[in-house]
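# Architecture at a glance
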Amino acid sequence: MDTLIIEKKDEVYLTVECDPNVQREISEFFTFYVPGYKFMPAFRNRMWDGKIRLFSQKYKEIYFGLFPYIKSFAEERGYNIVCGEDVEIDNKVDKDIVEKFANSLGQSFKVRDYQVDAIHHSLRFNRTLLLSPTASGKSFIIYALIRYYTHLLKDEPKSRCLLIVPTTSLVEQMYTDFESYGWNVKNNCHRLYSGYSNITDKKVLISTWQSLYRLPKEYFDQFGVVFGDEAHLFKAKSLTEIMTKLIDCKYRIGLTGTLDGALTHKLVLEGLFGAVNKVTSTKKLIDKKQLS
């Protein structure tokens, strides 16, 4: 029986050691056509076959967040899996303590049950892609996690949180939201987009991906936590460039209101952040009269 030996390379990639035939199988399983590839110049000029390959046979690497897919791939085919340390993560986190913590952060409202679930899930698995619709209070989920991680990592060299959003108006909105929850944002948060410096000693950097993706890899060494809000709106290549520079960034939480797009984009997002976790739905919010 074939065995897959899966080891953690860093916080971005896992390595998969196995028989070359199985490697080819994995490569085919994780190869997809990119939506609209027929219209792309590289394809039309015959420089590229229109496919994205999420498993590299040359380096035997795959995105860390795709571990659940490799596991089910192996189980379906009856292959053995041998995992190294820190591949399967499940921190034992008490949900009642999470709820108490989330309600102690100075905001003027009681935290909703699904927000507690989302915060609890993120703390359990270190990485996830939270599927949470508009008006579900995503900014508070991010805020609570930032407060938790800045406290948890306060004595660590990589103690900063990076919050990436798609637009400058969302940078300002997050900053204002955090302030409305009762936090001293002047002391704790730095905004980065055109006109602002990328150098700061504050614990939280809120930035657009457009301001980040050209920065050198060393710049990202300061971050221990990364959040990607409205992750489905990021240009895949730029997001990949940022996220693959965060090689030592252990905590990765993506948030998105929708994943209706192509499977490739969903798998790239899950690969970079972690497995999808559905927080709530618009219908549930309306049923509970939390949304009109």
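An account of the accompanying structure is given in this report. (Residues numbered from 1 in each chain as written. Predicted model: local features only at pLDDT ≥ 70, side-chain atom pairs only at ≥ 80, totals over all residues. Heavy atoms only, no water.)

Take helix α10 (residues 236-245) next. Side chains three or four residues apart in an α-helix point the same way, a direct result of the helix having 3.6 residues per turn. Counted residue by residue, α10 has seven buried out of 10 residues, so it is predominantly covered. Of the positions making up α10, those classed as buried are S238, L239, T240, I242, M243, T244 and K245. (Buried < 20%, exposed > 50% of the residue type's maximum accessible area, 1.4 Å probe, protein only. Helix = DSSP H or I, 4+ residues; strand = E, 2+ residues; numbered from the N terminus.)

Glancing now at the sheet that holds strand β6 (residues 61-63). Two strands in a sheet stick together by hydrogen bonds in their backbones, pointing the same way (parallel) or opposite ways (antiparallel). Spatially, the five strands line up as an open sheet ordered β5-β6-β2-β1-β7, and their pairing is mixed. A strand with exactly one partner marks an edge of an open sheet, and here the two such strands are β5 (55-56) and β7 (80-83). (Pairing = 2+ DSSP bridges.)

The next subject is the packing of helix α5 (residues 113-125) against helix α6 (residues 138-152). Running from N to C, α5 and α6 point in directions that differ by 40°, and their axes come no closer than 10 Å. By the angle class used here, α5 and α6 are oblique. Considering only the axes of α5 and α6, their crossing is right-handed. Residues Q115, A118, I119, S122 and L123 of α5 lie in contact with α6, whose contacting residues are F140, I141, A144, L145, Y148 and Y149. (Axes fitted to C-alpha atoms, helices over the stretch in contact; angles between N-to-C directions. Parallel < 35°, antiparallel > 145°, perpendicular 65-115°, else oblique. Left-handed = near helix turned anticlockwise from the far one by under 90°. Contact = heavy atoms within 4.5 Å.)

To continue, consider the pattern of salt bridges. Counted according to the given criterion, the structure contains 18 salt bridges. The salt bridge involving D49 is made with R53; its shortest N-O contact spans 2.6 Å. The residue D90 makes a salt bridge to R124 at a minimum N-O spacing of 2.7 Å. Highlighted residues: D90 in the loop between β7 and α4 (95-102) and R124 in helix α5, separated in sequence by 34 residues. The class of D90 is partly exposed, set by a relative accessible area of 32%. The partly exposed category is assigned to R124, whose relative accessible area is 27%. A single salt-bridge network, built from bridges that share partners, covers K8, E11 and R127. (Salt bridge = Lys/Arg side-chain N within 4 Å of Asp/Glu carboxyl O.)

Looking at the element boundaries, S122 is found in helix α5. From its side chain, S122 meets the backbone oxygen of A118 in a polar contact 2.8 Å long. (Polar contact = N/O pair within 3.5 Å; in protein donor to acceptor, adjacent residues only side chain to side chain.)

So, on to unusual backbone geometry. We note that R46 has phi near 60°; this positive angle belongs to a residue other than glycine. Structurally, the position occupied by R46 is in the loop between α2 (41-44) and β4 (51-53). One non-glycine residue with positive phi stands out, namely E230, at about 55°. Along the chain, E230 turns up in the loop between β12 (223-229) and α10.

Turning next to the pairing of strand β1 (residues 3-8). Bridging between β1 and β7 involves four bridges; their strand directions are parallel. Among the inter-strand pairings, I5 is bridged to a residue of β7, identified as V82. Pairing analysis gives four bridges linking β1 to strand β2 (residues 13-17), with the strands arranged antiparallel. Note that in β2 the partner of K8 across the bridge is L14. Between the antiparallel neighbours β1 and β2 lie four residues.

Let us look at the sheet that holds strand β11 (residues 204-208). With respect to topology, seven strands assemble into an open sheet ordered β10-β11-β9-β12-β13-β8-β14, the strand pairing being parallel. Either end of the sheet is taken by a strand with one partner, and the two such strands are β10 (189-192) and β14 (276-278). Within the sheet, the average angular offset between the axes of one strand and its neighbour, ignoring direction, is 20°. Its contacts with the sheet put α5 on β8 (127-131), β13 (251-256) and β14, and the angle it makes with β8 is roughly 160°. The strands that helix α7 (residues 168-180) touches are β9 (160-165), β10, β11 and β12; relative to β11, the one it contacts most, it runs at about 150°.

So, on to the nonpolar core. Ranked by internal contacts, the top residues of the largest apolar core, which has 49 residues, are L4, V16, I26, L162, L212, F220 and L246. Setting aside anything within four residues of it in sequence, one finds I26 in contact with L4, V16, C18, F55 and F73. Among the nonpolar cores identified, the runner-up in size contains 40 residues, and Y149, L170, V171 and V185 belong to it. (Core = buried A, V, L, I, M, F, W, Y, C linked by side-chain atoms within 4.5 Å.)

It is worth spelling out the packing of helix α1 (residues 20-29) against helix α3 (residues 67-77) at this point. Where α1 contacts α3, the two axes come as close as 12 Å, and the packing angle between them is 125°. The pairing of α1 with α3 is recorded here as oblique in orientation. The two elements α1 and α3 cross, and the hand of that crossing is right-handed. When α1 is examined against α3, the residues E25, I26 and F29 are found in contact with a partner set consisting of Y69, F73 and R77. Among the residues forming the contact of α1 with α3, the class breakdown is four nonpolar, no polar and two charged. (Nonpolar A, V, L, I, M, F, W, Y, C, P; charged D, E, K, R; others polar.)

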